[in-house]
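# Breakdown of the fold
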Number of protein chains: 2
Amino acid sequence: MTVAQAVEEALPEYRLVYFGDLARAPYGSKSPETITAYARENTEFLLARGARLIIIACNTAASVAADLLKADYDVPIFEVITPTIQKACGATPSGRIGVIGTRATIRSGVYEEKIRQLLSGARVHSQACPLLAPLVEEGWVNKRETKMIVRRYLHPLKLKQVDTLVLGCTHYPLLKHLIQPQVGKRVKVIDSSAAVAAELRLFLESSPEFAQSLERDGENVYYVSDVTDAALSMAQRIFGRRIDLRKVAL
Amino acid sequence: MTVAQAVEEALPEYRLVYFGDLARAPYGSKSPETITAYARENTEFLLARGARLIIIACNTAASVAADLLKADYDVPIFEVITPTIQKACGATPSGRIGVIGTRATIRSGVYEEKIRQLLSGARVHSQACPLLAPLVEEGWVNKRETKMIVRRYLHPLKLKQVDTLVLGCTHYPLLKHLIQPQVGKRVKVIDSSAAVAAELRLFLESSPEFAQSLERDGENVYYVSDVTDAALSMAQRIFGRRIDLRKVAL
């Protein structure tokens, strides 16, 4: 939702079809096989709803399944990792970059691999933070326990003196007010949603024919595989307005 | 798994077919519709594997879907809630009973309703503890933050001076060492797994013909919808031996 909101804001002229797999979320602790199978189903759902460009707006799905999806489907596929890495590599003076994410994202090693491709001398320090997404989903973004857990997770990265920290999970921007003071104000904290929206704008500007062919009329629609009060209030908080979440069965 | 282990221990002569829906877990924050749909699929999977008696070994699924499953399927269906309530009602001197569980379990109101049916003067105080299952799944059963979160959740029940506390989620027995000191040693902490195993033994003893007709040969089998290292080590910890988790797609 944080990515959808950023894309909507950056590119209001295009029609957005959102799908959130809330019934089967969270993905962060599942196996690569299961994450890949779900990512395929989600992609096919969006294509069947007329999507002509896909954004994988989840770092876990992107880290495990993006290459497979790009190989299997004919439409342009964007994801949250590549533009975030570009931003981080541009921002780091020392080349010491920290990455935090779910267990599946960190285990995939995608961030380390892609950062080293772009910045050969980089030293990447990764830390899985599996409890942060559940804490955000509970709305515990200002609780003392959350602050302590953030501190516990970030401590090893602090010791490594990273100067740039990538928020490798779309939940973490909602904890930025706890993360930034923990790592210190000199550390650049990079989040994905603005980076992917900027990359997308650039792509559409440089592909005017493709951009022209995209649908511009009609309302944005927000599909989910489950509707709960928590999801509705999360949507309200992120988008700043009431969102009509439409339940579909996959 | 805590229930399967207790049933296996209490009734070693019968053949157990376990299914854990790890790919779509946790259920605790999903809507009743989604939980019911998944519970049906899980039941049909077990029936197709030859199960002739079903145990719903998850309080969330039991609280939302047990009545529907009992109406729809012909086999005996047991669940973790009824025997736990019987035990709690037998244990409480004052009738002040606390219940902790997932958001979906507590919202269903099943515990309050069934406890009042059995013990009309009972006062039931319920508390959703949505972060405890993720903390257990992370293995954070001895962390300071977990202790603080347990204290935060249990504080309202302590104020109500409950004398009996029902662990209304199959994850919570793994936190009993934090829960018991928090509520005080005089409070009886009741967990489901032993209660359901005892109820099952009683049923089979009183239905000898049905019991005789059940399969006794063959190994116990453990199916899951996803296999991860975390699941394997959780199984090892709960069963006290290596468990061969077989992955199936639902």
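Quick look at the structure, then. Note that this is a predicted model, so its numbers are computed, not measured.

Once that is clear, we can look at unusual backbone geometry. All names here are of chain A. Cis geometry is found at the peptide bond from Ala25 to Pro26, where omega equals -5°. Within the fold, Pro26 resides in the loop between strand 1 (17–20) and helix 2 (32–48). One non-glycine residue, Gln161, adopts positive backbone phi at about 55°. Here Gln161 is to be found in the loop between helix 8 (144–159) and strand 6 (164–168). Residue class for Gln161 comes out exposed when judged on its relative accessible area of 55%.

With that settled, consider the sheet that holds strand 4 (residues 96–101) of chain B. All names here are of chain B. Across the sheet, four strands lie side by side as 5-4-6-7; this open sheet has parallel pairing. A single partner strand is all that each edge strand has here, and the edge strands are strand 5 (123–128) and strand 7 (188–191). Taking each pair of neighbouring strands and ignoring which way they run, the sheet shows an average axis angle of 20°. Together, strand 4, strand 5 and strand 6 (164–168) form the strand contacts of helix 8 (residues 144–159), whose direction differs from that of strand 5 by roughly 165°. Contacts from helix 10 (residues 192–206) reach strand 6 and strand 7, with the element oriented near 60° to strand 7.

Next up on the list: the interface of chain A and chain B. Interface size, as often reported, equals the accessible area lost upon joining of the parts. The interface of chain A with chain B comprises 32 residues on the first partner and 32 residues on the second. Of the roughly 2500 Å² buried between chain A and chain B, counting both surfaces, carbon and sulfur atoms make up 54%. Area buried by chain A at its contact with chain B is led by A:Leu131, A:Glu138 and A:Arg152, which between them contribute 21% of it. Inspection of the chain A/chain B interface yields four salt bridges. Across the pair B:Glu138 and A:Arg103 runs a salt bridge, and its minimum N-O distance is 2.2 Å. Put simply, chain A and chain B have 14 residue pairs in polar contact (both at pLDDT 80 or more) between them. The biggest single contributor to the side of chain A that touches chain B is helix 8 of chain A, with six residues. A breakdown of the residues in the side of chain A that touches chain B according to their chemical character gives 14 nonpolar, five polar and 13 charged.

Residue and element names in this part refer to chain B. Burial runs high along strand 4: five of the six residues are buried. In this structure, strand 4 lies alongside strand 5, joined through six bridges in parallel fashion. Following the sheet pairing, Val99 is matched in strand 5 by Ser126. One ladder, built from five bridges, connects strand 4 with strand 6; its direction is parallel. Among the inter-strand pairings, Val99 is bridged to a residue of strand 6, identified as Val166.

This paragraph deals with the packing of helix 4 (residues 81–91) of chain A against helix 6 (residues 110–118) of chain A. Packed helices, taken two at a time, are described by their axes: the angle between them and the distance between them. All names here are of chain A. Here helix 4 crosses helix 6 at 50°, and the two axes come no closer than 10 Å. Judged by the angle between their axes, helix 4 and helix 6 are oblique. As for the relative orientation of helix 4 and helix 6, their crossing is right-handed in sense. Residues Ile81, Thr82, Ile85, Gln86 and Cys89 of helix 4 touch helix 6, and the partners they reach there are Val110, Tyr111, Lys114, Ile115 and Leu118. Looking at the contact of helix 4 with helix 6, its residues break down into seven nonpolar, two polar and one charged.

So, how was this worked out
- All residue numbers refer to positions counted from 1 along the written sequence of the respective chain.
- Key to labels: chains lettered from A, ligands numbered from 1, both in the order written.
- The predicted origin of the model limits local features to residues at a pLDDT of at least 70 and limits the giving and counting of side-chain atom pairs to 80 or more, whereas totals for whole chains, interfaces and linings rest on all residues.
- The basis for every side-chain value is the complete set of non-hydrogen atoms in the structure, without hydrogens or water.
- Put simply, DSSP H or I for four residues or longer makes a helix, DSSP E for two residues or longer makes a strand, and each gets a number counted from the N terminus.
- A 1.4 Å probe rolled over the protein chains alone gives each residue an accessible area, and that area as a share of the maximum for its type sets the label: buried under 20%, exposed over 50%, partly exposed in between.
- Here, a strand pair is defined by DSSP locating no fewer than two bridges between the strands.
- Fitting a line to C-alpha atoms yields each axis, with helices limited to the stretch in contact; the angle taken between N-to-C directions then spans 0 to 180 degrees.
- Residues count as neighbours in contact if any of their non-hydrogen atoms are within 4.5 Å of one another.
- By buried area we mean how much accessible surface two parts lose on assembly, using a 1.4 Å probe and totalling the loss over both.
- The working definition used for a salt bridge is a side-chain nitrogen of Lys or Arg within 4 Å of a carboxyl oxygen of Asp or Glu.
- Polar contact is defined as a pair of N or O atoms within 3.5 Å, subject to the rule that within protein one atom must be able to donate a hydrogen and the other to accept it, and that residues adjacent in sequence are counted only when both atoms are side-chain atoms.
- Gly counts as polar in this scheme, as do all residues outside two lists: the nonpolar Ala, Val, Leu, Ile, Met, Phe, Trp, Tyr, Cys and Pro, and the charged Asp, Glu, Lys and Arg.
- Comment on the angle field: the value is read as roughly parallel under 35 degrees, roughly antiparallel over 145, roughly perpendicular from 65 to 115, and oblique elsewhere.
- Throughout, a crossing is termed right-handed when the near helix is turned clockwise from the far one, and left-handed when it is turned anticlockwise from it by less than a right angle.

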